[in-house]
Structures are given as C-alpha cells and as structure tokens.
Amino acid sequence: MVKAAFLGLGVMGYPMARHLRTKGHEVTVYNRTIAKAEKWVSEHGGELAKTPRAAAEGQDVVFACVGNDNDLREVTLGSDGAFKGMGKGGLFVDHTTASAEIARELHVEARKLGFDFLDAPVSGGQAGAENGQLTVMVGGDQAPFDRAQPTIMSFAKACRLLGASGSGQLAKMMNQICIAGVVQGLAEAVHFGKKAGMDIEAVIEVISKGAAQSWQMENRYKTMNAGKFDFGFAVDWMRKDLSIVLGEARENGAKLPLTALVDQFYAEVQGMGGNRWDTSSLLARLER
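Bear in mind the structure is a predicted one, so any value in this text is a computation, not a measurement.

**Q** Before we go on, may I ask you to explain the sheet that holds strand β3 (residues 47-48) in this structure?
**A** Strand pairing in a sheet is mediated by backbone hydrogen bonds. Such pairs are either parallel or antiparallel. Strands sit in the order β3-β2-β1-β4-β5-β6 across an open sheet of six strands; the sheet is parallel. In this open sheet, the two strands that pair with only one neighbour each are β3 and β6 (116-119). The pairing of strand β4 (residues 61-64) with strand β5 (residues 91-94) spans four bridges and is classified as parallel. Looking across to β5, one finds that Val 61 is bridged to Leu 91.

Quick look at the structure:
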C-alpha cells in the first residue's frame with residue numbers, strides 16, 4: 001500500500017482515484033473546483049488538499065489527470081504546483097493526454113528536483129475508468145515504471161512501458177489516429193446502410209463477428225443508430241487530442257491525410273453545436 005495523491009477529479013480522475021482508495025491506498029485528492037474534491041472525500045474518505053503542492057507533500061506517488069498542456073503545467077510548475085511539494089525520490093505519474101513535448105519537459109524538471117516522472121496517458125474512456133479497466137501507455141525510465149505499475153493496476157487492465165519520456169504520449173497519439181479512422185468508417189457504414197434500407201442491427205450483428213469488428217462497433221453502433229451521442233468521449237476533447245497528433249506529425253514528417261480529414265469533420269460537428277456530443281456523432285454530420 002502506498003500514500004498517493006490524485007490531482008484532477010474529472011470524468012476519468014474521479015473513478016481512478018476511487019479505485020486507488022478501494023484497493024487500500026491512502027489517497028489525498030486535489031481538484032481545481034474544491035466542491036468536487038469535497039464530494040469525493042465525503043463518498044470515499046481520504047484527505048483533501050487545497051493546492052497541488054499541498055497534495056504532493058509527503059506522498060509516495062502523485063497521479064494527475066487534467067485537461068491539457070496548460071492545465072498540466074499549472075498543476076506541476078505553477079506557483080502552488082505539485083513539483084514544489086514533491087520529495088526527493090518521489091514519483092509523479094501523469095495520466096493526462098498531452099503533448100510529448102511537455103512530457104519530456106516535466107521529466108527533465110523532475111530529475112533536476114530529485115524525483116521521477118512518467119507520462120502515462122490512458123485509453124478506455126469513462127467506462128474503462130469506472131470499471132477499472134483502462135489501458136495505460138507509459139513513457140519514462142524502467143525503475144520508476146516498476147515502482148508505479150502495481151499501483152497503476154488498481155484502475156487498469158494493461159500497463160506497459162513503451163520507451164523513453166514522451167513515448168506514452170506518442171502511443172496515445174497512435175491510439176487516437178486509429179480511433180478517428182474507425183469511427184468515421186463505422187459512421188459511413190451505418191449511414192450507407194440506412195440509405196440502402198438495410199436492417200442496421202441485423203447487419204452489424206453479422207459483420208461484427210468478422211474482420212470489420214471493432215470496439216467502436218461493439219459499443220457505439222446502437223447509440224449511433226438511435227441518434228444518441230452522449231455516451232462517451234466528447235468531440236471537444238477529441239479535437240484537442242487530434243490537434244496534438246497533427247502538431248507532432250508536422251514535426252516528425254508523418255503523413256496523416258485521414259486523421260486531418262476526420263479532424264475537420266469533427267470541426268463541422270462542433271459547428272452543429274455538438275461540442276459535447278461523443279465521438280460517434282460523426283454520423284450526425286452525414287445525416288444533416
């Protein structure tokens with residue numbers, strides 16, 4: 001059992017911190033909106049900290065899951081940031097989906113201050129977080145990974161070190177590239193089937209047993225077919241992720257024509273008022 005802090009109690013962080021607590025770890029939580037941290041403590045016990053710095057003090061490991069690079073920089077390097085409270089030999093594990101650049105920056109800063117940093121973005125969505133079934137992609141050094149992995153498995157089904165600092169974020173970018181293409185393909189298939197007068201449920205039941213099968217097909221086709229788009233990862237967040245992907249591609253020379261196209265399709269969904277719709281709302285764009 002470890003003493004842990006968790007910074008950021010959004011749709012992912014809230015249940016992730018809960019799993020740490022239910023596995024017997026001592027947990028201190030911080031959230032920018034204090035009322036949410038108070039609610040978490042009232043439900044699960046543990047301690048509440050009013051600043052990231054206070055949350056980090058005296059902990060074996062500090063976890064974070066916040067919105068973007070700017071949020072991450074604020075909770076780590078800000079005036080009351082967690083890095084000011086980290087002890088020598090401590091460990092900071094960041095589950096934010098952010099850029100590889102900031103992961104490398106924070107890794108260097110952590111080493112200067114005498115503790116370790118891992119970039120460890122997750123996949124599996126809100127349902128994966130709720131059920132403790134996330135997949136964790138990690139960048140950093142072997143020794144801190146070995147220390148962190150048993151605790152990470154409190155809310156994960158898979159966790160792997162994929163290379164040096166930043167590699168976790170690069171792996172998450174690959175994950176989002178795959179999802180963007182798959183969701184667009186599924187949206188087009190459902191749209192095509194409707195136009196052709198097909199029984200969508202019957203067709204999906206058959207093709208989901210073959211080479212077309214995907215997580216998106218298994219978990220999203222029914223809600224897509226019903227025109228309901230409030231069951232998962234929001235379009236605003238997907239566009240944030242794809243902007244990171246496309247920025248990295250410009251740096252490394254990768255050609256991502258499909259990803260760039262789907263990013264623009266999501267921009268059209270935002271223009272339809274679908275900022276908070278889930279990513280399967282690509283179908284709504286086709287059915288305007």
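There's more to say after this.
**Q** What exactly am I supposed to notice about the packing of helix α8 (residues 167-195) against helix α10 (residues 215-225) here?
**A** The packing of two helices is summarised by the inter-axis angle and the distance between the axes. Where α8 contacts α10, the two axes come as close as 11 Å, and the packing angle between them is 45°. Judged on the interaxial angle alone, α10 and α8 are oblique. Crossing angle aside, the handedness with which α8 passes α10 is right-handed. When α8 is examined against α10, the residues Ile 179, Val 182, Val 183, Leu 186, Ala 187, Val 190 and Lys 194 are found in contact with a partner set consisting of Gln 216, Met 217, Met 224 and Asn 225.

**Q** Looking at this structure, I do not really get the packing of aromatic side chains. What am I missing?
**A** Given two aromatic rings, their pairing is described by the distance between the two centres and the angle made by the two planes. Applying the stated rule across the entire model yields seven aromatic pairs. Between Phe 6 and Phe 63, the ring centres sit 6.0 Å apart and the planes meet at 20°, which makes this aromatic pair stacked. Of the two residues, Phe 6 is situated in strand β1 (residues 3-7) and Phe 63 in strand β4; the sequence distance between them amounts to 57 residues. The two residues Phe 6 and Phe 63 agree in class, both being buried. With centroids separated by 5.9 Å and ring planes inclined at 40°, the aromatic side chains of Phe 229 and Trp 277 adopt a geometry described as tilted. With Phe 229 in the loop between α10 and α11 (235-252) and Trp 277 in the loop between α12 (257-271) and α13 (282-286), this residue pair connects regions lying 48 residues apart in the sequence. Judged by relative accessible area, Phe 229 falls into the buried class, the value being 11%. Assessed through its relative accessible area of 28%, Trp 277 is described here as partly exposed. The ring of Phe 265 has Arg 285 sitting right over it, with the charged end atom 3.6 Å from the ring centre.

Thresholds applied
Residues numbered from 1 in each chain as written. Predicted model: local features only at pLDDT ≥ 70, side-chain atom pairs only at ≥ 80, totals over all residues. Heavy atoms only, no water. Pairing = 2+ DSSP bridges. Helix = DSSP H or I, 4+ residues; strand = E, 2+ residues; numbered from the N terminus. Axes fitted to C-alpha atoms, helices over the stretch in contact; angles between N-to-C directions. Parallel < 35°, antiparallel > 145°, perpendicular 65-115°, else oblique. Left-handed = near helix turned anticlockwise from the far one by under 90°. Contact = heavy atoms within 4.5 Å. Phe/Tyr/Trp six-rings, centres within 6.5 Å; stacked < 30°, edge-to-face > 60°. Buried < 20%, exposed > 50% of the residue type's maximum accessible area, 1.4 Å probe, protein only. Lys NZ or Arg CZ within 6 Å of the ring centre and 35° of its normal.

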